[in-house]
Each structure stands twice: as C-alpha cells, then as structure tokens.
Amino acid sequence: MKDDVKAPVIFAKDLNLVFETNDGPVQALKDVNLSIERGDFVSFIGPSGCGKTTFLRCIAALEHPTSGTLKVNSIPPDEARKARSYGYVFQAAGLYPWRTIAGNVKLPLEIMGYSKAEQEERVRKVLSLVDLEGFAKKFPWQLSGGMQQRASIARALAFDADILLMDEPFGALDEIVRDRLNEELLKLWARTGKTIGFVTHSIPEAVYLSTKIVVMSPRPGRITDVIESTLPKERPLDIRDSEEFLKIAHRVREGLRAGHAYD
Amino acid sequence: MRSILPILTVLTAIVALWYGAAVMLNKQWTYDQAARAGVTVTFSQVLADTMTQERPVLPAPHQVAKGLWDGFAGQKITSKKSLVLHSWITFSATMAGFALGTLAGIVLAVGIVHSRAMDMSVMPWAIASQTIPILAIAPMVIVVLASLGIKGLIPKAIIAAYLSFFPVLVGMVKGLRAPDGMQLDLLRTYNASGSQAFWKLRLPSSMPYLFASLKVGVAAALVGTIVAELPAGASQGLGARLLSGSYYGQTIQIWSALFAAAILAAVLVLIVGVIERVVLKRMGMAK
C-alpha cells in the first residue's frame, strides 16, 4: 500500500475526539477533514486548545479518535505506529541525560533492532544532516537548547520513517535560533523528501515553512481554513518581506480571527 | 580549604561543651567520695577527678578517644576487647542485610511499578512494617530463627534487611516512575516493548533516586544489625559490646562502641557516596 503514490499519506474524514473530563465532555476535535499528500509540509496553527497537538497525536496513535476515519499511509494509525512509519519530535528535546548525543540518536535504532554497524552508519549520517557531527560524544547538558532540539530531530530521522511529526519543536527557543532552525528544517525537508506535519502558534513560522497551512480554532477544536501556499519551494529568509508572504500571513490571521469571532 | 575553619570552630565548640558537661555530670561522684572519706576537695581537684574517673556518668572526650584507640589499635584483632573484631562482625552482618534489603526493595519496586495489584497490596504492608518498633520484632526473629537452628550472621542480616529495604523500595518506586509522559510517549512512537522501556528508560532514570535511598538504607541496616545484636546474647559485635558495657557500668566502653558504630556508619555512607559519584559520572548525569 505504501507504493500507492496517489493515496494521501494522511487522510482524515469526519474525525471527532471527545475527552471525558471531570467538568464533563470536552470536544477536542470536531468534524476534521483533511488529506495530506506525499512530500507536503503541513503546518497546524491556532490558539491553544484548538486541537492542533491533539490531531498530531491522533496521527501518531498517541490519542484515539472517538469517531470518524483516520488513515496514515492508508492504514490505521495504530498499525502505522507499529510499522514505525513516522518520527515524532516533541516540544522539549527530551534527550536522555545519561546518553551521549550519538547514544540518544541510537536509541530508536537499538529498539528497532538495527545491527551495530548500521547504527553507527545512520548516527553519523543524521548527525551530519542536522550539523552536529562534532558533538556525537557530548552529553546533552553540554549543548545549547537549539542544538539539543536538532539532536532530537536527528533522533526522529534516524530510522526510515517517511513522515515527520513535529509538535511545536522550536516553541521554547528564542527567535534568532528559531529562524536558523526553520531555514535548516526547510533544507532538510528538501533533501529528504519527507512528509512533515508541524504544529506551531507562530504565523511567520507557519507561512515560511509550509506548502499547506491548516488554520484551527478552539471550542470545539476544528479546522477553519486550509491554505495552499503559493510560495516557491526555494525560500530564503528574506522571502518573509515579500508581498506574497504577507498576503498569506494576512489570510492566516483572518482565519484565526474568524475562529475567535464569537467569544 | 576555606571551609576548614568553620568546621574546626564547630568541632571545638562541641568538644568544649562536652568537657563542660562531663565536669557537671561527674562532679557529684567526686564530692560523694570525698564526703565519705571525710576530706574536702578543691575545685581544681574536682576538675582533675572528673576527667579521670573509671566509670564516669559521661566520659570526657579524651577518655573516649583513648578507649577507641585501645579498642582499635591496642589489642590483637582476635581479642574479645578489639573493636576491629566487633566492628567486623557488625559490618559483615550489615553488608549481608543491606544487600538482601536492597535486592528486596528493588524487586518489590519493580513489581509495584508494573502491577497495579502489587501497588495496592504491597505498599500498605511495606509502610505498616516500618511502624512496628524494631526493638519489639528483633527478639522474636532471633528466637524463632534460633529454634530453627539458624544463628549467627543470618538473623542479624534479616533484621538489617527489614529496616533497609524500605527506603530503597520508596526511592525506587519514585525513581522508576520518574520518566514523564513525553518520554513514555516517545518510546510508544518507536513501538518499544515494556522491557525495553524498563531497561532503556525507567532503570537509568531511577539511578539518582536509588543512590539517595541506598545512603539511608545502609545506615538503617547498621542500626538493624546493632539492635539485633542486643537481644541475641551475642558475644561479638558492636551491639554486644554496648550491652556488656551497660551490664558492668563501663561507660567508656559504651561510648567507645557507640563511636565505633558512628564511624562505621559514616564510612559506609561515604562509600555509597563515592560509588554514586563514580556511577553517575560514568552515566554522564553528574556534571
């Protein structure tokens, strides 16, 4: 099924998720319909509580929808998880303090049973992909926050998942570091051809990175707009001053405002 | 090196206080003796006497120091008076009990973390076990085991284990549960098995907690061993030395044994601390 290039990588139809809390049921996702094609860079943007992270976690089979259809690589998310078809990057790097950077990147490879030689080879490859070649033997506390997050991206890339799910990976970093990492992420995406799902609450970040921007709004969490970016694939940082960029950013802002209109 | 001055100051104050207390507590006996002999004593004579009594209420620091020196260096180590011998007996039982207790604590903690049924059933008993005074339970254990023909090191080790398993259990439960939701989610995205999560995440995460509880546990094991030596009628061990000292009113002997126990405890905690430093450093967790 993976060979079926035409089928969307992620396909959601009438997806609903209701959390039962002490204050009664909370509709985290309501009637979500979305399809993501192979090679897309999709950003999910919206205020907190809009369900963007929840939706990403549904794709990763870390949450389970109450109703509706969700397919990842044309199979249910749980099977996709067991097939190790995605890498997940959390908001915090979450590196193990008792492992070196190389050891941390090796973690999924050890769990998935790659041979020792293969592990070394892959660690070397992905560390150079995120520009951390010289830091393999360092421990996490010896690296800056941005470098730690790059290491955690390397960890998610180490095995052959063609989907990369990122939950506000640069949310805790300052803007200068974030700009550089955004630029690097685009290069990485161009080089690897992966399908990326990216949660953010920064409009410039979403517009700069994405081929498709999904605008969401809270109570209940739902999609209010899906914007196909008209920006070229090649994106220098100063594209953010172009008229095209500002037009898309404006539409995102409008979408976010519309979602808030009634409260 | 700068910290040496405050340490010495406090130490000097303690010793001075101790000498003062020795004079206050021991002078009554000097006055009584003088009254019985019908002589009067001057203050300086009293002062000198309170420092050199054979069975003082409170031995002076130099008397205890001499007692310790005699005990450790002044005897053949096979002598009944040798503190080296008694310390060794107590130390060996402590180590056996500590090993047993640590093992039990870790095994129970692993069970508690992985099984809800064990969490509900074992933990209350573990807590209840520690509310029973060890002085009450130690003689029973000794008597029951003696009737089964088990004597010597093992009953003492069991009581030491009884005290030392608990801090290890509590620390390890906390440590094995230390990984947060994100870390566990990460392993789920790799479809890692339960045992992989245990060996790669939970166990390494628990190491700092383990060492903190081992320090408490090793001291508790020593207390357990000494308490176990009291009712056993044992002739060897620091506990036995304490007991025979109190039978014959040999206060210097009691205090020497007490200090020997304190030194032993300090050394044990220090050793655990050194192992902790080495292990955490090799794990990259100590900066």
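Definitions and cut-offs
- Residues numbered from 1 in each chain as written.
- Chains lettered and ligands numbered in written order.
- Predicted model: local features only at pLDDT ≥ 70, side-chain atom pairs only at ≥ 80, totals over all residues.
- Heavy atoms only, no water.
- Helix = DSSP H or I, 4+ residues; strand = E, 2+ residues; numbered from the N terminus.
- Rg over C-alpha atoms; globule rule 2.2 N^0.38 Å.
- Buried < 20%, exposed > 50% of the residue type's maximum accessible area, 1.4 Å probe, protein only.
- Contact = heavy atoms within 4.5 Å.
- Areas by Shrake-Rupley, 256 points an atom, 1.4 Å probe, with all protein chains shown as cover.
- 1 Å grid on protein atoms, 1.4 Å probe; cavity = no way out; pocket = protein on both sides within 12 Å on 5 of 7 lines; lining within 4 Å.
- Points joined across faces, edges and corners; volume = space filled by probe spheres on them.
- Nonpolar A, V, L, I, M, F, W, Y, C, P; charged D, E, K, R; others polar.
- Pairing = 2+ DSSP bridges.
- Salt bridge = Lys/Arg side-chain N within 4 Å of Asp/Glu carboxyl O.
- Lys, Arg positive; Asp, Glu negative; His and termini not counted.
- pLDDT = per-residue confidence, 0-100.
- Domains from an automatic or database assignment.
- Buried area = accessible area lost by both parts, 1.4 Å probe.
- Polar contact = N/O pair within 3.5 Å; in protein donor to acceptor, adjacent residues only side chain to side chain.

Considerations on the overall build of chain A
Counting its secondary structure elements, chain A contains eight helices and nine strands. Here the C-alpha atoms of chain A give a radius of gyration of 18 Å, agreeing with the 18 Å that 2.2 N^0.38 yields for 263 residues. Overall, the C-alpha framework of chain A stretches about 55 × 40 × 40 Å when taken along its three principal axes. Taken over 263 residues, chain A has a buried fraction of 53%. For chain A, long-range pairs separated by at least 24 residues make up 70% of all intrachain contacts whose partners lie at least 6 apart in sequence. Surface exposure of chain A reaches about 11,600 Å², of which carbon and sulfur atoms provide 52%.

As for the layout of surface pockets
Rolled over the atoms, a probe with the dimensions of a water molecule shows which regions are left empty. Residue and element names in this part refer to chain B. Approximately 640 Å³ is the volume attributed to the largest pocket. If you trace the largest pocket, you find 22 residues lining it, with Lys81, Arg241, Gln250, Ile252 and Gln253 closest to the centre. Only helix 3 (61-73), helix 4 (83-114), helix 10 (238-247) and helix 11 (251-282) provide two or more residues apiece to the lining of the largest pocket. Among the elements that take part in the lining of the largest pocket, helix 3 stands out by supplying six residues, more than any other. Here the lining of the largest pocket is built from residues that sort into five nonpolar, eleven polar and six charged.

Topic: the pairing of strand 2 (residues 24-36) of chain A
All names here are of chain A. Pairing between strand 1 (residues 10-21) and strand 2: nine bridges, direction antiparallel. Residue pairing for strand 2: Ala12 is matched across the bridge by Leu34. Hairpin connection, strand 1 to strand 2: the antiparallel pair is bridged by two residues.

Some words on the pattern of salt bridges
Under the criterion given, the structure shown has 24 salt bridges over all chains. Across the pair Lys13(A) and Asp14(A) runs a salt bridge, and its minimum N-O distance is 3.5 Å. By relative accessible area, which is 36% here, Asp14(A) ends up partly exposed. Residues Asp185(B) and Arg188(B) are paired through a salt bridge, measuring 3.9 Å at the closest nitrogen-oxygen approach. Placement of the pair is Asp185(B) and Arg188(B) together in helix 8 (residues 181-189), with a separation of three residues, close to one helical turn. Residue class for Asp185(B) comes out buried when judged on its relative accessible area of 11%.

A short note on the environment of Pro204(B)
Inspection of the secondary structure assignment puts Pro204(B) in helix 9 (residues 194-229). Apart from the residues lying within four places of it in its own chain, the contact partners of Pro204(B) are Trp98(A), Phe198(B), Trp199(B), Met283(B) and Met285(B).

Looking at the side chain of Lys194(A)
All names here are of chain A. You can see Lys194 is positioned in the loop between helix 6 (175-192) and strand 7 (195-200). Although Lys194 lies buried, it forms no salt bridge, and the closest oppositely charged side chain, Asp160, sits 5.5 Å away as judged by the N-O distance. Once residues lying within four places of it in the same chain are set aside, the contact partners of Lys194 are Gly39, Asp40, Leu157, Phe159, Ala161, Asp162 and Trp189.

Describing the confidence of the model for chain B
Per-residue confidence for chain B gives a mean pLDDT of 90, with 98% of residues at or over 70. Of all helices and strands in chain B, the one with the weakest mean pLDDT is helix 6 (residues 134-147) of chain B (87), whereas helix 4 of chain B scores best (94).

Quick word on the domain arrangement of chain A
Residue and element names in this part refer to chain A. Looking at the assigned domains, one finds that chain A contains domain 1 (10-85 + 163-260) and domain 2 (98-160). If you average the C-alpha positions of domain 1 and of domain 2, the two centres end up 25 Å apart. Facing 14 residues of domain 1, the contacting portion of domain 2 comprises 13 residues. Around 1,100 Å² of area is buried between domain 1 and domain 2 when both sides are counted, 69% of it from carbon and sulfur atoms. Area buried by domain 1 at its contact with domain 2 is led by Arg84, Leu164 and Leu188, which between them contribute 40% of it. Across the domain 1-domain 2 interface, the total number found is one salt bridge. In this structure, Glu184 engages Arg150 in a salt bridge whose closest nitrogen and oxygen atoms are separated by 3.8 Å. Joining domain 1 to domain 2, the criterion identifies one residue pair in polar contact (both at pLDDT 80 or more).

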